[in-house]
Every structure is written in C-alpha cells, then in structure tokens.
Amino acid sequence: MAVGADANRVTVEDVSMVYDGSNGPVEALRAVSFDVEPGEFVTIVGPSGCGKTTLFRIIAGLQTPTEGAVRLDGDPIDGPGPELGIVFQEYHLFPWRTVAGNVGFGLEQTGMPTDQRRERVGELLELVGLEGFADSYPKDLSGGMKQRVALARALAPDPDLLLMDEPFGAVDAQTRTMLQAELLDIWEATGKTVLFVTHDIEEAVKLGDRVVVMDREPGRVQEVLDIDLERPRSRSDRAFGRYYEEILDRIG
Amino acid sequence: MATDVSNELERTDNLGPIVEAIDPRRLLLGLLGLAGFVGLWWFGSTLQPAYILPSPLAVAVTVQSEIASGTMQTALLDSVVHWLPGTVVGTTLGVAAGVALGWSRVLDEALTPVVRVLRPVPPLALIGFAIAWFGIGHAGAAFIIAIGAFWINFYAAYGGVEGVSDDLLDVARSLGVERQIGLVRAVVLPASLPEIMTGIRTGIGRCWMLVVAAEIFGAPGIGRQIFRSANSLQVDRVIAYILVLSVMFLLVDTAFRLLQRRVLSWR
C-alpha cells in the first residue's frame, strides 16, 4: 500500500461515459472531475438520470469509462478488488452464508488463518452492533441489519476507499437516521475515505465534508460544495437549511 | 442501537416456526384420497375378470408370495444395480456440463448446436448403442438411465447458473475473488444450488421410470418382471412390481426432499 501524500486519495479525471443507445449515442457522463482527500467523507448527490450510479460503477471498477480515468493512490482503477469496499442499496448479501460467513468472505480470499479471521469478524460485528447474530442467515434479518452486515463485509479486507451507492435507500426513515449516525461513528473510528452516492439532498448535507452536486443531460458536476458545519448536523439548523436550498436551486 | 436490534430481533422471531409440523388435516385428506382410490380399484375389480383387473387383495397376496420366494428382492436389487450408477453418473455429468455451459460463453456458443442435435433424442432410441457399447445387462441399462438423468440435470444447472445475479459476482470480485474458478466455487455453485437440487430430484424420479424402459432389451430387474408378467397376462404381478417402483420412488424422493430442505435451510 502506498504511503505518502497520495495514500488513499481518489482522483476522478475527466471521466466521460457514452453508451450506444438505439437512437444513437447517449451521453451519460461528461468530463466529470473531482478529488477525494484521504480520510474525507464525500457525498455525491443528483437527480435520477444524472449518471451518479454510472459514476459509482466506474469508480468501483465495475465499468470502464469511455474517456478519462479514476485513480486511487495515483494508480488507475482497472477492476474491482479488495482495495475498494463496495456497499449497494440492495445489500447483495450471500444468502447461503451466515452473517459471519458474509463478513468473513473477503478475509477467506486473503488466506487469513481461521482463528484470526474469526476474531476479526467478531470485531467487525461489534463495530456494526450485530454481536450475537453471527450464525443468523440473511433471510432472518431486517433491512437495516442486512445493510450493517454489508457494511461490515465491505470493511473486512480493510479497503482504502469505502464506496456506497444509496446504501440507506431501502430502509425506513427511522432506521435510516440511525444508520447514518452509525456510519459517521464508524468513519470516525476507522478513518476510512468514504464516497457516498445519494439522491437525498438532506442526507448528502448531513454526512459529507463535501458534496459533489451533479446535474443531468448530460450527467456532469454542477459544483462541489464544502459543508462547513459541526457534526452531528441537524436539518432544523439554519445553516443546514441554506446548504439544502442552495443544492436544491442548483439541480431543481 | 441496542433497542433497535432487539426490536428487529422480535420481528425476526415472528417469522414462523422453523420446524414444519405435519398438518393433521392434510394427512387425513391424503389418507381419505388413498382409501378412495383403493376402494374404486376394488369395486372395479369385482366387475372384471382377474386377468383384466385383479382385486387389491389378490395383488397383496401376490406381493407376499413374491417376497416369500425372494423374487421381488432379487428384481429390486438388480434394478438398483443399474439405477444407482446410471443416476449418479448421469446427474454428475449433467450438472457439470450445465454449469460449464451456463458459465462459459465460449463453451456455450461452441456447444449449443451439439446440444440442439442431441437433446431431442429419446434415451430409448439409443438402445442400439447401449447394447453395442455396453452389452445386454446392467451397464447398458445404466447407460440409458444416465442419458435420461443427464439432460434434466443439464438444463436445471444451466438455468440455475444463468440466473446467478451479476451483482453477487461483482461483490465477490470486489472482495478479492480474482479467478473464474474461484467465482464458480464461491458464488455460482452455491447460488444455483436450489435449481441444481430441483433438477437432481426430478432426475431421480424420471430415472425410476427409465428403469422399466431400460430393461426392455433383457437387463434383469423390476421392468423385466413387469414385461414377463404382462406377456403371460399375470396382471396381479404387473401391479405388484409397479407398486415396488412406486414405493422405491416415494422412499428415495422423500429422503432427497429432506436432504434438500436441510441443505437449503438458508432460503
């Protein structure tokens, strides 16, 4: 792992994505550029159709951009791998594996000895508040619990970057608020660099050190906003409201 | 946090008992249906001579004498001697081929024409090959049975692998699985296991039917007994040996269903 000024820095450089549609080429992303500093929490917000999920998949190495590149520690990302922890909205847990089996999946690939792995899985389950559920199967968990498992699983191989695509979009409002707070705690405890995609402006302002605001047709960066607010942040705070309105104006 | 999880645990606990109790209503209705069937059979047998339809009692007596003489056990053992290897080999090859073609685009594109040509061939049409390659006996009959098992398992496994979610594969890649064989082992096989097991179960049943057909050219076993009895109009023996097939199918199918439920308890 690279150590130095570039460690864990994410650089998105002029990323463009053009699909071949049935009515000619479709421009999904146009010259998207921004950086994520090591240890920073950056949210990407935009209306549906702004290409944020495409951008997510490109940064995750699941799709290759038509032009431009994404770099992690200065090296181009050319495929998914353990340096990138990915959390999807739909959890995508392995249903045939227990909670512990899901969290330990990435560690098994590294050939970590069993007892060491068990210990690490235990720590991660504690981190996400699921001690005692190690032997449960995903089908017996609620949405919020599944997403905690998915988060622990993504963190297990100690990735340089945690990438999340609308991770709390499928849970109820109460659970969502709780998960947001937990994620911030985990981020502070682990010092991970986090890139978090959402369509929810409130969520973007609440969580991010900076918010990348995207717009559509074609998908592009409108602006990158520094959120200069102490955490925990509250929607009822007047400064919070100003950020909210500003973003809403940009993409509304 | 603590309250949140315990709330969710309560919700989880209400999902229903894990052990499925035997429904007494269903059991009663099932027994009634069976009794009705035997009753109808018995009633019909009183209207016909025994060589058309023997009574249930006559068949029971025949079963008893066939067991007493040991003929039935020998026939059953003979059938098992080609049923078991035929089913195991056909199932194994079918699952392997289905997974391989379902996973590998190159193999799929290269072999789809071959599959299209071979698929419509009924196993019995291959009796000539069975005799020429394996001779008249257990090996030939096992070959016929294996062909039957192969296709059922091939299509079940193929469909199962095709249905594996790309997202799960993406997750596995992002967690460090690099090689194709690793993805197959860690994701494709477990994810398609429900379909594969359904295929195996269907195949097991179909192979019991093929046992009779496979013995048409002289392999010993239950099918042989059925043909011989039919030729001499011993309908009670025909029915007695058909019952053996039914019972064997029921036993094996029930055992496999229990295994299936256990292995797939995560669903």
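All chains use their own residue numbering, which begins from 1 and follows the written sequence. To read the labels, note that chains go from A and ligands from 1, taken in the order they are written. Thresholds applied to this predicted model are a pLDDT of at least 70 for local features of residues and 80 or more for the giving and counting of side-chain atom pairs; totals over whole chains, interfaces and linings are not thresholded and use all residues. Only hydrogens and water are removed before side-chain values are computed, so all heavy atoms of the structure are retained for them.

Student: What should I look at first to understand unusual backbone geometry in this one?
Tutor: All names here are of chain A. In the segment running from Glu-217 into Pro-218, the intervening peptide bond is cis, with an omega of -10°. Cis geometry is adopted by the peptide bond preceding Pro-232, which originates at Arg-231 and carries an omega value of 0°. Helix and strand labels come from DSSP, where a helix needs a run of H or I of at least four residues and a strand needs a run of E of at least two; each type is numbered from the N terminus. Tracing the chain through its elements places Pro-232 in the loop between strand 10 (220-226) and helix 7 (238-251). Positive phi, close to 50°, is recorded for Asp-14, a residue that is not glycine. Within the secondary structure layout, Asp-14 lies in strand 1 (residues 10-21). Working definition: with a 1.4 Å probe on protein chains only, accessible area under 20% of the residue-type maximum means buried, over 50% means exposed, and in between means partly exposed. With a relative accessible area of 47%, Asp-14 lands in the partly exposed category.

Student: What should I look at first to understand the sheet that holds strand 6 (residues 84-87) of chain A in this one?
Tutor: All names here are of chain A. Pairing between strands is defined by DSSP: at least two bridges between them are needed. Strand order in the open sheet made by the six strands is 6-7-8-3-9-10, with mixed pairing throughout. Each end of this open sheet is capped by a strand with a single partner; those strands are strand 6 and strand 10. Sheet twist, expressed as the mean angle between neighbouring strand axes with direction ignored, is 15°. Note that strand 7 (residues 161-165) and strand 8 (residues 193-198) share five bridges and pair parallel. Across the sheet, Asp-165 pairs through a bridge with Val-197, a residue of strand 8. We call two residues contacting when some pair of their heavy atoms lies within 4.5 Å. Angles here are taken between N-to-C directions and fall from 0 to 180 degrees, while the axes themselves are lines fitted to C-alpha atoms, restricted in helices to the stretch in contact. Helix-sheet contacts for helix 4 (residues 143-155) involve strand 6 and strand 7, and the interaxial angle to strand 6 is about 170°.

Student: So what exactly am I meant to see when it comes to the confidence of the model for chain B here?
Tutor: As a general rule, the predicted coordinates of low-pLDDT regions are not to be interpreted in detail. Summing up the model confidence of chain B, the mean pLDDT is 88 and the portion of residues at 70 or higher is 92%. Per-residue confidence from the predictor is given as pLDDT, running between 0 and 100. Contacts from residues 1-19 of chain B, a stretch scored under 50 in pLDDT, to residues over four places away or in other chains number 19 contacts.

Student: Please explain the pairing of strand 10 of chain A as it appears in this structure.
Tutor: On any regular strand, side chains alternate: one points to one face of the sheet, the next to the other face. With six bridges joining them, strand 9 (residues 210-215) of chain A and strand 10 of chain A adopt antiparallel strand pairing. Paired with Val211(A) across the bridge in strand 10 of chain A is Leu225(A).

Student: Got a minute to help me understand the pattern of salt bridges in this structure?
Tutor: Oppositely charged side chains can pair when the atoms bearing their charge come close. The rule for a salt bridge is simple: a side-chain nitrogen of Lys or Arg has to be within 4 Å of a carboxyl oxygen of Asp or Glu. Evaluation of the coordinates by the stated rule reveals 20 salt bridges over all chains. Glu123(A) serves as the salt-bridge partner of Arg120(A), at 4.0 Å between the closest nitrogen and oxygen. Taken together, the residues span about one helical turn, with Arg120(A) and Glu123(A) both in helix 3 (residues 114-127) at a distance of three residues. A residue is classified by how much of its surface remains accessible, and Glu123(A), at 45% relative accessible area, is partly exposed. Its salt-bridge partner being Glu203(A), residue Arg176(A) comes within 3.9 Å of it at the nearest N-O pair. With Arg176(A) in helix 5 (residues 173-190) and Glu203(A) in helix 6 (residues 201-207), the pair connects residues that are 27 residues apart, well separated along the chain. Each of Arg57(A), Asp170(B) and Arg173(B) takes part in one network of salt bridges that share partners.

Student: So what exactly am I meant to see when it comes to the UniProt feature "transmembrane region" (unreviewed entry) in chain B here?
Tutor: Residue and element names in this part refer to chain B. Residues given the UniProt feature "transmembrane region" (unreviewed entry) here are residues 27-44, 80-104, 124-152, 207-227 and 239-259. End C-alpha to end C-alpha, residues 27-44 measures 26 Å, and it is 100% helix and 0% strand. Between the C-alpha atoms that bound residues 124-152 there is a distance of 15 Å. The span itself is 79% helix and 0% strand. UniProt positions are given in the numbering used here, feature names are shortened, and annotations may be inferred rather than shown by experiment.

Student: In this structure, what is going on with empty space enclosed by the protein? I would like to understand it.
Tutor: One simple way to see leftover space: roll a probe sized like a water molecule over the atoms. Residue and element names in this part refer to chain A. Cavities and pockets were defined on a 1 Å grid built over protein atoms only: a cavity is a set of grid points that admits a 1.4 Å probe from which the probe cannot escape, a pocket is an open set flanked by protein on both sides within 12 Å along at least five of seven lines, and lining residues are those with an atom within 4 Å of any such point. Grid points are joined across faces, edges and corners, and a volume is the space filled by probe spheres set on the points. Counted according to the given criterion, the structure contains one cavity of 30 Å³ or more. The calculated volume of the largest cavity comes to roughly 70 Å³. Elements with a contribution of two residues or more to the lining of the largest cavity: helix 4 and helix 5. Counting residues per element, the lining of the largest cavity draws most heavily on helix 5, which supplies four residues.

Student: How do you make sense of the nonpolar core when you look at a structure like this?
Tutor: As a rule of thumb, nonpolar side chains are buried together in soluble globular proteins. The definition of a nonpolar core used throughout is a set of buried Ala, Val, Leu, Ile, Met, Phe, Trp, Tyr and Cys residues joined through side-chain atoms within 4.5 Å. One finds Val12(A), Phe34(A), Leu55(A), Ile59(A), Phe94(A), Leu195(A) and Val187(B) to be the most contacted residues of the largest nonpolar core, which totals 95 residues. Broken down by element, the residue count for this core peaks at 16 residues, all from helix 9 (residues 180-214) of chain B. Apart from residues no more than four positions distant in its own chain, Phe34(A) is found in contact with Val10(A), Thr11(A), Val12(A), Ile44(A), Leu55(A), Ile59(A), Leu195(A), Val212(A), Val221(A) and Val224(A). Leu141(A), Leu155(A), Leu183(A) and Val194(A) belong to the second largest nonpolar core, which has 34 residues in total.

Student: How should I be thinking about the interface of chain A and chain B in this particular structure?
Tutor: Bring the parts together and some accessible area is lost; that lost area is often taken as the interface size. Each partner contributes residues to the interface: chain A has 30 residues there, and chain B has 25 residues. Taking both partners together, chain A and chain B bury about 2500 Å²; carbon and sulfur atoms supply 68% of that area. If you look at where chain A meets chain B, you find one salt bridge. Between Asp170(B) and Arg57(A) there is a salt bridge; the shortest N-O distance is 3.4 Å. Two N or O atoms count as a polar contact when they lie within 3.5 Å, although within protein this holds only if one can serve as hydrogen donor and the other as acceptor, and sequence-adjacent residues are included solely when both atoms are side-chain atoms. Remark: the boundary between chain A and chain B carries four residue pairs in polar contact (both at pLDDT 80 or more). For any pair of parts, buried area is found by adding up, for both, the accessible area (1.4 Å probe) each one loses once the two are put together.

Student: I would appreciate a short explanation of the environment of Pro167(A) in the present structure.
Tutor: Along the chain, Pro167(A) turns up in the loop between strand 7 and helix 5. Of the residues examined, Pro167(A) reaches a relative accessible area of 0% and is grouped as buried.

Student: Teacher, can you tell me more about the UniProt feature "domain: ABC transmembrane type-1" (unreviewed entry) in chain B here?
Tutor: Cross-referencing UniProt, the feature "domain: ABC transmembrane type-1" (unreviewed entry) maps to residues 76-260 of chain B in the present numbering. End-to-end, the C-alpha atoms of residues 76-260 of chain B are 25 Å apart, and along that stretch the chain is 84% helix and 0% strand.

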